[in-house]
Amino acid sequence: MTGDIGNFSFLTDHSPQLARLGRLAERYFHDDPPTALVKLRQFAELIAKQVAARQALLTNDRMSSDEVLRVLRERSILQREIAEYFYHLKRAGNLAAHEDKGTRSDALTALKIARAIGAWFHQSYGNAPSFRPGPFVPPMPPVDASDSLRQEIERLRSVVEESADAEAKARLAAQQAEEARRELKGAPLPRRAIEHFGRCKRRKSRRHCERQSGR
């Protein structure tokens with residue numbers, strides 16, 4: 001997803017850097033899941049440091065992410081569920097960074113978790129306690145997606161379709177249109193069209209043949 005459109009776009013005004021990290025993770029989901037996980041670990045680390053700074057608990061810029069999370073937990077700044085979200089992204093991101101491990105399913109789970117953290121941060125520190133991010137719009141399923149991954153993406157799409165969130169529905173519709181366009185672009189020409197193109201190319205210009213074959 002490009003521009004300000006995506007599951008993390010609500011963070012753009014609040015923190016462009018966070019929105020950018022989320023957007024990059026979405027972009028890397030298909031081709032490089034470990035890199036997506038690293039970006040989401042950075043996303044979580046940045047939020048943790050911003051929370052610590054706002055609570056006057058960031059004693060210096062060199063505090064490690066472990067130290068920051070420990071302090072936030074000790075001071076009860078992070079609720080248990082939110083803390084577990086941070087640690088999940090930290091563990092997945094470390095495996096991705098040091099061992100190049102991480103599947104698309106791992107990346108999809110991490111994207112959902114990161115968005116939940118982002119929504120919590122925006123609600124708590126963005127003067128938006130009533131903010132609701134709407135349903136998570138999953139990325140397009142890869143061509144070689146596993147059955148379990150494809151089923152999870154379809155389940156998430158169903159949630160969007162059944163919701164009343166017009167913006168999420170519009171993004172899903174645009175995504176599905178792009179998916180259909182790519183499938184059509186990659187579809188082979190019918191045998192008759194191929195034979196026509198071959199005969200035509202021998203007699204006329206390539207541009208004319210393409211027009212005649214409908215390409």
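These numbers were taken from a predicted model, which means no experiment stands behind them.

Next up on the list: the overall build of the protein. Scanning the protein from N- to C-terminus turns up 9 helices and 0 strands. Reading the secondary structure of the protein in the N-to-C direction produces α-α-α-α-α-α-α-α-α. Looking at the protein as a whole, 41% of its 215 residues are labelled buried. If you take every contact in the protein between residues at least 6 apart in sequence, the share linking residues at least 24 apart comes to 59%. For the protein, the accessible area works out to roughly 12700 Å², and carbon and sulfur atoms hold 47% of it.

On to helix H2 (residues 33–54). An α-helix turns once every 3.6 residues. As a result, residues three or four positions apart point the same way. With 22 residues, H2 should reach 32 Å at 1.5 Å per residue; the first-to-last C-alpha distance of 32 Å fits that figure. Positive phi appears at Ala 56, one or two residues downstream of H2, with a value of about 60°.

Two elements in contact, helix H4 (residues 80–99) and helix H5 (residues 104–125), have axes separated by 10 Å at closest approach and are oriented at 135°. In terms of their interaxial angle, H4 and H5 are classed as oblique. Relative to H5, the crossing made by H4 is left-handed. Residues Ile 82, Tyr 85, Phe 86, His 88 and Leu 89 of H4 touch H5, and the partners they reach there are Thr 109, Ala 110, Ile 113, Ala 114, Ala 116, Ile 117 and Trp 120. When the residues that make up the contact of H4 with H5 are grouped by side-chain class, the tally is 10 nonpolar, 2 polar and no charged.

With respect to the helices and strands, Asp 61 occurs in the loop between H2 and helix H3 (65–74). Along the sequence, Asp 61 and Lys 49 sit 12 residues apart, while their C-alpha atoms lie 8.7 Å from each other.

Here we take up the packing of aromatic side chains. For the coordinates displayed, the defined rule picks out 5 aromatic pairs. Measuring from ring centre to ring centre gives 5.4 Å for Phe 8 and Phe 43, while their planes differ by 70°; the resulting arrangement is edge-to-face. Taken as a pair, Phe 8 in the segment before helix H1 (16–28) and Phe 43 in helix H2 lie far apart in primary sequence, 35 residues in all. As far as the burial class goes, Phe 8 and Phe 43 line up, both buried.

Bringing the pattern of salt bridges into the picture now. What the rule picks out here adds up to 10 salt bridges. The partner of Arg 41 in a salt bridge is Glu 45, with the nearest N and O atoms 3.6 Å apart. Residue Arg 41 and its partner Glu 45 are both found in helix H2; the two are separated by 4 residues, about one turn of the helix. Connected via shared salt-bridge partners are Lys 112, Glu 152 and Arg 155.

Calculation notes
- Residues numbered from 1 in each chain as written.
- Predicted model: local features only at pLDDT ≥ 70, side-chain atom pairs only at ≥ 80, totals over all residues.
- Heavy atoms only, no water.
- Helix = DSSP H or I, 4+ residues; strand = E, 2+ residues; numbered from the N terminus.
- Buried < 20%, exposed > 50% of the residue type's maximum accessible area, 1.4 Å probe, protein only.
- Contact = heavy atoms within 4.5 Å.
- Areas by Shrake-Rupley, 256 points an atom, 1.4 Å probe, with all protein chains shown as cover.
- Expected span 1.5 Å × (residues − 1).
- Axes fitted to C-alpha atoms, helices over the stretch in contact; angles between N-to-C directions.
- Parallel < 35°, antiparallel > 145°, perpendicular 65-115°, else oblique.
- Left-handed = near helix turned anticlockwise from the far one by under 90°.
- Nonpolar A, V, L, I, M, F, W, Y, C, P; charged D, E, K, R; others polar.
- Phe/Tyr/Trp six-rings, centres within 6.5 Å; stacked < 30°, edge-to-face > 60°.
- Salt bridge = Lys/Arg side-chain N within 4 Å of Asp/Glu carboxyl O.

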